[in-house]
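Okay, here's what each chain looks like letter by letter:
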Amino acid sequence: MTVRIELNHKIHVLTRKEELDGVRVAGKIVVVIDVLFATTTMVAALAHGASEVIPVLDEAAARAEEARRGAGACVLAGELYAETLPGFAHPAPLALIAHGIKGRPVVYSTTNGTVAMGLAAGAARIYCGALLNAGRLVEHIVAEHRRDTVLLVCSGSGNNFNFEDFYGAGLFVERFAQHLDGAADLSDAARAAQTVYRGSRLPEALLECRLGRMMSKRGLAHEVEFACRVDAFPVVPVLEDGRLSML
């Protein structure tokens, strides 16, 4: 039997996307975090001129979206289990930007981050969060959703906890605490993430985590370092009708 959990905290962290199955998201604000690389890539793509990003569940959904729009009308990008999908652009941020996305829609499929966005359906609002846009996104949420519960959802990896997403959640908690001062109501998971954030240094923390080491072995350390650029892009990507666009 699935246990339904009612969250009463203003700021809460879910350590894996699978935890969304036991949380009532209706009426809550969800920030999906997948630092290496889904949400980082989507934030960077929009900041670099992509007209919109369509996060989809898998390769089949991506190809169906391309077929609906017409061949060549969009950029297909994505991965499955860290392998770039055949015929798709590389899913890491700098590689995708170099591929050429300005003024074009990007259809994006990943193993975890885009799946997490689908699992959050039913929330009052779904935002795309990364280290790159944490400051601006928190400012927006505090201004627009001050009375609402915020769920910071770490995408994780295949039902596993990922350090980099928890670190990212900790950055968001820190920013919320700064903006809300004594009014911040943090769950224990949020406080734990904040502690991890305060006790870790960039870029070492991400380069030394499991996925960071794997990316570095594949020659992608520069992509990991790019993901560490805190507050580099003051953008607020919101998911509406299955499309991410900037407010």
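Remember, predicted model here, so these are calculated numbers, not experimental data.

(A) Quick peek at the packing of helix H5 (residues 134–144) against helix H6 (residues 163–180). Two elements in contact, H5 and H6, have axes whose closest approach is 9 Å; the angle formed by their N-to-C orientations is 45 degrees. Between H5 and H6, the interaxial angle falls into the category oblique. Here H5 runs over H6; the crossing is right-handed. Listed contacts from H6 to Ala134, Gly135, Leu137, Val138, Glu139, Ile141 and Val142 of H5 are Leu171, Phe172, Arg175, Phe176, His179 and Leu180. Taken together, the residues of the contact of H5 with H6 break down into 9 nonpolar, 2 polar and 2 charged.

(B) View of empty space enclosed by the protein. Enumeration over the complete set of coordinates arrives at 1 cavity of 30 Å³ or more. Each pocket or cavity is described by its volume, and for the largest cavity that value is around 50 Å³. In terms of lining residues, the largest cavity is bounded by Lys10, Ile11, Ile141, Val142, His145, Arg146, Asp148, Val150, Phe176 and Leu180. Taken together, the residues of the lining of the largest cavity break down into 6 nonpolar, 1 polar and 3 charged.

(C) Quick peek at the pattern of salt bridges. If you walk through the whole model with that rule in mind, you get 14 salt bridges. For arginine 68, the salt bridge identified is with glutamate 65, shortest N-O distance 2.8 Å. Placement of the pair is arginine 68 and glutamate 65 together in helix H2 (residues 59–69), with a separation of 3 residues, close to one helical turn. Overall, the relative accessible area of 12% leaves glutamate 65 in the buried class. Among the salt bridges present, the one from arginine 69 reaches glutamate 65, with a minimum N-O distance of 2.7 Å. In this pair, arginine 69 and glutamate 65 are both assigned in helix H2, 4 residues apart and thus about one turn of the helix distant. Three or more residues are tied together by salt bridges with common partners; here these are Glu52, Glu65, Arg68, Arg69 and Arg243.

(D) Spotlight on the layout of surface pockets. By volume, the largest pocket amounts to about 390 Å³. Considering the residues around the largest pocket, the lining is formed by 25 residues, among which Leu36, Glu79, Tyr81, Ala82 and Leu211 are closest to the centre. Contributing elements (two or more residues each) for the lining of the largest pocket: strand E5 (83–84) and helix H9 (210–217). Residue composition of the lining of the largest pocket, by class: 11 nonpolar, 9 polar and 5 charged. Roughly 160 Å³ of volume is contained in the second largest pocket. Lining the second largest pocket we find Pro55, Thr114, Met117, Gly118, Ala121, Gly122, Ala123, Ala124, Arg125, Ile126, Leu239 and Gly242. Those elements that place two or more of their residues in the lining of the second largest pocket are helix H4 (113–119) and strand E7 (125–129).

(E) Up close: the packing of aromatic side chains. Scanning all chains against the criterion turns up 4 aromatic pairs. Ring pairing ties together the aromatic residues Phe163, Tyr167 and Tyr197, which thus form one cluster.

Cut-offs used in this document
- Residues numbered from 1 in each chain as written.
- Predicted model: local features only at pLDDT ≥ 70, side-chain atom pairs only at ≥ 80, totals over all residues.
- Heavy atoms only, no water.
- Axes fitted to C-alpha atoms, helices over the stretch in contact; angles between N-to-C directions.
- Helix = DSSP H or I, 4+ residues; strand = E, 2+ residues; numbered from the N terminus.
- Parallel < 35°, antiparallel > 145°, perpendicular 65-115°, else oblique.
- Left-handed = near helix turned anticlockwise from the far one by under 90°.
- Contact = heavy atoms within 4.5 Å.
- Nonpolar A, V, L, I, M, F, W, Y, C, P; charged D, E, K, R; others polar.
- 1 Å grid on protein atoms, 1.4 Å probe; cavity = no way out; pocket = protein on both sides within 12 Å on 5 of 7 lines; lining within 4 Å.
- Points joined across faces, edges and corners; volume = space filled by probe spheres on them.
- Salt bridge = Lys/Arg side-chain N within 4 Å of Asp/Glu carboxyl O.
- Buried < 20%, exposed > 50% of the residue type's maximum accessible area, 1.4 Å probe, protein only.
- Phe/Tyr/Trp six-rings, centres within 6.5 Å; stacked < 30°, edge-to-face > 60°.

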